[in-house]
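Each chain is listed here by its residues.
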Amino acid sequence: MTTKSLPRVAVIVAAYNEEKVIAETLSVVPKQLPGLADLDVVLVDDGSRDATLENARACGVITLHHSINRGQGAALETGFEYARRHHYDAVVTYDADGQHNPDEIKDLLKPVLSGEYDVALGSRFIGETQGMSSSRKLIIRGGILFTRLISRIRVSDTHNGFRALSSAALQQVRLREDRMEHASEILDIIARKNLRFTEVPVTITYTDYSMQKGQRNSNALKIALNMLMYKLTTSKR
Ligand SMILES: Nc1nc2c(ncn2[C@@H]2O[C@H](COP(=O)(O)OP(=O)(O)OP(=O)(O)O)[C@@H](O)[C@H]2O)c(=O)[nH]1
Ligand SMILES: [Mg+2]
């Protein structure tokens, strides 16, 4: 097999005001893995008002930039479009706040690059989760049930930002939801388009930093209402 026929993968990192941790997060993402032609890190700075972009540039990764803050969904779609235009064979979505385990990138890629699945979803409930509060656990469980009801898809986790998508899946997964609803939207598209998906155990770490900066539990209601609106305005297929 020549190097040319090996797959090319982009790790897409959407970041908003992560100047404190972005260099550390990017420094541990592998720059190459066995069996790949390229493993490129694509940082999408989502209109940060701090030095996230400058700090990421200093790490030597590919950087894209929104001039205003548009939300994680919009930032991921910018990264997805970059991957489509540059003909990557797969992408991995990876949070900028250091909650993911870079050693698990290969585990998410395996089922997708083998051609068996279109999407591999990270699951913290079949994997290991450190430091998650019981209220957050309850809300995510509620989200799982909600997703099952409105999108008719059975998953063990929802709103987990760690996942891998094949280039074929990327052609279908075109995000319309700019903010946090995009995670539910991805599941809805998987169900509507009959994409082949699997879940892979992943470790999510809740640090003092991620808990202080991350999502409030009260956002769950807003996400649910916006998803209902999405369902009302989206055609069946
Ligand atoms: N909150 C937020 N995050 C964004 C935005 N744009 C990009 N991101 C990035 O999206 C990732 C996830 O955001 P978080 O707020 O940590 O959301 P989360 O990880 O689902 O929630 P927690 O479990 O509470 O950490 C981070 O890497 C952010 O830097 C935005 O507009 N708002
Ligand atoms: Mg987070």
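Placed above this text is the structure.
The structure reproduced in this document is the subject of the present report. A quick note: this is a predicted structure, and the numbers were derived from the prediction, not measured.

In this section: the coordination of the magnesium ion (ligand 2). Each protein donor to the magnesium ion (ligand 2) is listed here as Asp97 (OD) and Gln99 (OE1); together their distances run 2.0 to 2.1 Å. Overall, the relative accessible area of 14% leaves aspartate 97 in the buried class.

A separate point is empty space enclosed by the protein. The full count for this structure, using the stated rule, is one cavity of 30 Å³ or more. Its volume calculated, the largest cavity comes out at about 90 Å³. As for the largest cavity, its lining consists of Leu121, Gly122, Asp157, Thr158, His159, Asn160, Phe162, Arg163, Ala183, Leu187 and Glu199. Grouping the amino acids of the lining of the largest cavity by side-chain chemistry returns four nonpolar, four polar and three charged.

The calculated volume of the largest pocket comes to roughly 1,300 Å³. Lining the largest pocket are 48 residues, and of these Gln72, Arg136, Met180, Gly214 and Gln215 sit closest to its centre. Contributions of two or more residues to the lining of the largest pocket are made by strand E1 (8-15), helix H3 (72-85), helix H5 (134-151), helix H7 (182-192), helix H8 (208-213) and helix H9 (219-232). When residues in the lining of the largest pocket are grouped by element, the largest group, seven residues, is from H5. A per-class count over the lining of the largest pocket returns 16 nonpolar, 20 polar and twelve charged.

Attention now moves to the site of ligand 1. In the vicinity of ligand 1 lie 18 residues, with Glu18, Asp46, Ala96, Gln99 and Gln215 positioned nearest. Interatomic distance of 2.6 Å between a side-chain N/O atom of aspartate 46 and a nitrogen atom of ligand 1. Arginine 179 places a side-chain nitrogen or oxygen 3.3 Å from an oxygen atom of ligand 1. Compared with its free state, where it exposes 610 Å², ligand 1 has 90% of that area covered by protein. By residue class, the composition of the shell around ligand 1 is six nonpolar, six polar and six charged.

It is worth spelling out the environment of alanine 164 at this point. Looking at where alanine 164 falls in the secondary structure, it is placed in strand E7 (residues 163-166). It is 9.2 Å that separates the C-alpha atoms of alanine 164 and tyrosine 94, two residues lying 70 residues apart in sequence. Look past the residues within four positions of alanine 164 in its chain and what remains in contact with it is Val91, Val92, Leu108, Leu109, Val112, Asp118, Val119 and Ala120.

With that settled, the discussion passes to the pairing of strand E8 (residues 197-201). Of the two faces of E8, only the one carrying Thr198 and Val200 is buried; Phe197, Glu199 and Pro201 on the other face are not. By the bridge criterion, five bridges tie strand E5 (residues 119-123) to E8 in an arrangement that is parallel. Across the sheet, the residue bridging to alanine 120 is threonine 198, located in E8.

Definitions and cut-offs
Residues numbered from 1 in each chain as written. Chains lettered and ligands numbered in written order. Predicted model: local features only at pLDDT ≥ 70, side-chain atom pairs only at ≥ 80, totals over all residues. Heavy atoms only, no water. Donors = N, O, S within 2.8 Å, 3.2 Å for Na, K, Ca; no water. Buried < 20%, exposed > 50% of the residue type's maximum accessible area, 1.4 Å probe, protein only. 1 Å grid on protein atoms, 1.4 Å probe; cavity = no way out; pocket = protein on both sides within 12 Å on 5 of 7 lines; lining within 4 Å. Points joined across faces, edges and corners; volume = space filled by probe spheres on them. Nonpolar A, V, L, I, M, F, W, Y, C, P; charged D, E, K, R; others polar. Helix = DSSP H or I, 4+ residues; strand = E, 2+ residues; numbered from the N terminus. Near = heavy atom within 4 Å. Polar contact = N/O pair within 3.5 Å; in protein donor to acceptor, adjacent residues only side chain to side chain. Areas by Shrake-Rupley, 256 points an atom, 1.4 Å probe, with all protein chains shown as cover. Contact = heavy atoms within 4.5 Å. Pairing = 2+ DSSP bridges.

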